[in-house]
Amino acid sequence: MSFLNRGRWAAAYLLVLSVGAVTVWLLASKLNWSTQADYTDIFVFGIVLVGVVHAFFLARKRPPGEALRWYARWYGLTTIGVLIIGLELAGRIFLYQSFYLPGASMSPTLNLGDRFWAEKFAYFASNPERGDVVVFDVKGRAFVKRIVGLPGDRIQMQHGKLYLNGAPLPQHRVADFAMDCAKGLCDVHQDAEIMPNGHSYNVFDMVNDGREDNTSVFVVPAENYFVLGDNRDNSDDSRVDLGFVPLSSIRGRATLKYIDARSGKYVWQTIN
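Here goes a summary of the coordinates provided. Keep in mind the model is a prediction, meaning the values are calculated, not measured.

Quick look at the pairing of strand 3 (residues 133-138) now. Bridge count between strand 3 and strand 4 (residues 141-149): 6 bridges; the pairing is antiparallel. Note on strand 4: the bridge partner recorded for Asp 137 is Ala 142. From the end of strand 3 to the start of strand 4, which pair antiparallel, there are 2 residues, and Lys 139 there has a positive phi angle of about 55 degrees. In terms of strand pairing, strand 3 meets strand 14 (residues 250-260) through 3 bridges, oriented antiparallel. Its bridge partner being in strand 14, Val 134 is matched across the sheet by Arg 253.

What follows concerns the sheet that holds strand 9 (residues 184-194). Within the open sheet, the 3 strands sit side by side as 8-9-10. Their pairing is antiparallel. Since the sheet does not close on itself, it has two edges, and those belong to strand 8 (171-181) and strand 10 (200-204), each with one partner. Put simply, the sheet's adjacent strands are angled 35 degrees from each other on average, direction ignored. The sheet contact formed by strand 9 and strand 10 spans 5 bridges and is antiparallel. Among the inter-strand pairings, Ile 194 is bridged to a residue of strand 10, identified as Ser 200.

To continue, consider the environment of Val 135. When you line up the elements, Val 135 lands in strand 3. Judged by its relative accessible area of 1%, Val 135 is buried. Residues Val 135 and Ser 249 lie 114 residues apart in sequence; the distance between their C-alpha atoms is 8.6 Å. Filtering out sequence-adjacent residues up to four positions away, Val 135 remains in contact with Phe 99, Phe 116, Ala 118, Ala 142, Phe 143, Val 144, Ser 249, Ile 250, Arg 251 and Gly 252.

Once that is clear, we can look at the side chain of Glu 193. In this fold, Glu 193 is placed in strand 9. Within the structure, Glu 193 has its side chain in polar contact with the side chain of Tyr 201 (distance 2.7 Å). There is a polar contact of 2.8 Å between the side chain of Glu 193 and the side chain of Arg 232. Every residue in contact with Glu 193, bar those within four places of it in the chain, is listed here: Leu 162, Leu 169, Pro 170, Gln 171, His 199, Ser 200, Tyr 201, Val 203 and Arg 232.

The rules we used
Residues numbered from 1 in each chain as written. Predicted model: local features only at pLDDT ≥ 70, side-chain atom pairs only at ≥ 80, totals over all residues. Heavy atoms only, no water. Pairing = 2+ DSSP bridges. Helix = DSSP H or I, 4+ residues; strand = E, 2+ residues; numbered from the N terminus. Axes fitted to C-alpha atoms, helices over the stretch in contact; angles between N-to-C directions. Buried < 20%, exposed > 50% of the residue type's maximum accessible area, 1.4 Å probe, protein only. Contact = heavy atoms within 4.5 Å. Polar contact = N/O pair within 3.5 Å; in protein donor to acceptor, adjacent residues only side chain to side chain.

Note that every value here comes from positions in space, so none of it alone points to a role or purpose.
Structure representation (structure tokens):
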């Protein structure tokens, strides 16, 4: 539409695409529509198809010698393209970024195949807190884990329980979690674990006194954090390979899960 010198139509299609796509996404979440037929993509494709047909007929009726506005000239189209790409890159760098979870180390909070958004600006003016689920880089790879230890904290696992500065974190039993196992669904024991700041989340401990259930005391260095997976017996984290996580490696805080792989549906679920 910009190329055809139809600025108002271009603005109208942009508004319909953006507002309509968000509306369809929210409806999919509320009505539990399946992602097997992605209604948001269908909506966008439909609007684009209508726009192409509309543009064809507008082009046929375009009067010869029509004076072109700035957005229909090469420099205007180039500027619009650069702005769109720049806004997308700025959003990915400074605002939000989507991630896909390839493993089960954060179950039950985040499960294999889930997709979620990370808030990139979460720690621009503040530091991470205990209980935050964060995305960070290790040797060029992105990981997602939960922060359980701040700089100066003493962290230890004893018989599957997390000890913070010498005291065990309170836990209480909650309903079993239905998880995909080798022979189908199986019920997994889960507990709610509570941080000193009141932050509560659920964890798995499927193996009694497993390899990582008993550790020495870790003292978290300055400008570093200690991270664990919520699936305590199936997580490579600060207890083993990952070690302490520097503040400079943290890319953002996981805030919102938008695709639940277990149900195959859009959700609008805050990550606790």
